[in-house]
Amino acid sequence: QKVIDWITSHCQKMNGNIEASASQMLIDAYGSHLGIIKQELEKCMVTILPKTTITHNDLLHASSNAVGEYSQLSSAIKKGNASNMINHMHQLIKRKEDPHKIFNQLLFQINQLLPVALAIQQKMTPEKLASKLGKHPFFIKKQMESLYKNPLQKKLPKLVQHMAAIDQAIKTGQLSAKQALISLSNKLKYQI
């Protein structure tokens with residue numbers, strides 16, 4: 001929410017607005033990397049003139065094709081669709097996106113789901129989790145409802161452990177980021 005607030009505020013400083021779906025698309029694509037988000041917003045504001053409100057479609061047209069691909073990857077993660085996650089990872093690699101960026105975005109998205117998945121396993125109420133995380137209970141309730149339908153929900157802790165091991169292998173030079181994505185794809189393919 002803080003990133004969304006920052007995006008809205010930055011657009012207002014440029015005498016513009018942004019639709020909620022466009023803000024979410026930027027977060028799906030770039031996480032909390034405000035420098036990159038700022039560049040995308042400024043590029044998009046110039047592109048849409050004389051309009052002043054950035055829409056989902058405006059962002060797709062002004063940004064690289066990778067923004068839409070990252071958005072679809074985020075959607076696949078939220079739905080727990082492993083084959084779509086693999087497909088979008090490979091599409092991003094084909095578009096010459098930095099494998100480190102792809103891996104970090106995957107880790108960012110999955111880390112967002114992990115506390116909710118653990119709360120579900122512990123049969124925690126949305127209100128109690130919201131209080132622990134400092135989030136609005138309605139937001140947590142919606143996340144929990146969505147995660148109940150996610151086939152990867154119970155496997156998220158193992159997936160995060162695997163990704164942490166991969167991340168360590170990248171940082172120690174044992175794996176390249178591209179090899180890490182291939183390893184992660186194989187893990188997802190065989191459902192962890």
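Keep in mind that what you see is a predicted model, and the values were worked out from it rather than measured. (Residues numbered from 1 in each chain as written. Predicted model: local features only at pLDDT ≥ 70, side-chain atom pairs only at ≥ 80, totals over all residues. Heavy atoms only, no water.)

Student: Sorry, what's going on with the nonpolar core here?
Tutor: Nonpolar side chains in soluble globular proteins tend to end up buried together. Counting residues in hydrophobic clusters, the biggest one holds 58 residues, and the most contacted among them are Ile7, Ile54, Met85, Met89, Leu106, Leu184 and Leu188. Sorting elements by how many residues they give to this core places helix α7 (residues 99–121) first, with 11 residues. Once residues lying within four places of it in the same chain are set aside, the contact partners of Met85 are Leu73, Ala76, Ile77, Leu106, Ile110, Leu152 and Leu188. (Core = buried A, V, L, I, M, F, W, Y, C linked by side-chain atoms within 4.5 Å. Buried < 20%, exposed > 50% of the residue type's maximum accessible area, 1.4 Å probe, protein only. Helix = DSSP H or I, 4+ residues; strand = E, 2+ residues; numbered from the N terminus. Contact = heavy atoms within 4.5 Å.)

Student: Explain the side chain of Gln153 to me, please; I cannot follow it from the model alone.
Tutor: For Gln153, the location among the structural elements is in the loop between α9 (137–148) and α10 (156–171). By relative accessible area, which is 7% here, Gln153 ends up buried. The residues touching Gln153, leaving out its near neighbours within four places in the chain, are Ala117, Ile120, Gln121, Leu147 and Tyr148.

Student: Sorry if this is basic, but what is going on with the pattern of salt bridges here?
Tutor: Side-chain pairs of opposite charge can arise where the charged atoms are in close proximity. Under the criterion given, the structure shown has six salt bridges. Where Lys51 meets Asp58, a salt bridge forms, and the shortest distance between an N and an O atom there is 2.8 Å. For Lys142, the salt bridge is made with Glu145, and the minimal N-O distance between the two is 3.7 Å. Linking Lys142 with Glu145, this pair stays in helix α9, spanning three residues, or about one helical turn. Look at Lys142 and you get partly exposed, because its relative accessible area is 43%. Using a relative accessible area of 34% as the deciding quantity, one classes Glu145 as partly exposed. (Salt bridge = Lys/Arg side-chain N within 4 Å of Asp/Glu carboxyl O.)

Student: Please clarify how the packing of helix α1 (residues 2–13) against helix α3 (residues 34–48) should be interpreted in this entry.
Tutor: Each pair of packed helices can be summarised by the angle the axes make with each other and by the distance between the axes. Across the interface, α1 lies against α3 with an axial gap of 11 Å and an inter-helix angle of 35°. In this structure, the crossing between α1 and α3 has a hand that is right-handed. Together, Val3, Trp6, Ile7, His10 and Cys11 of α1 and Leu34, Ile37, Lys38, Leu41 and Glu42 of α3 make up the contact between the two elements. The residue makeup of the contact of α1 with α3, split by class, is seven nonpolar, one polar and two charged. (Axes fitted to C-alpha atoms, helices over the stretch in contact; angles between N-to-C directions. Left-handed = near helix turned anticlockwise from the far one by under 90°. Nonpolar A, V, L, I, M, F, W, Y, C, P; charged D, E, K, R; others polar.)

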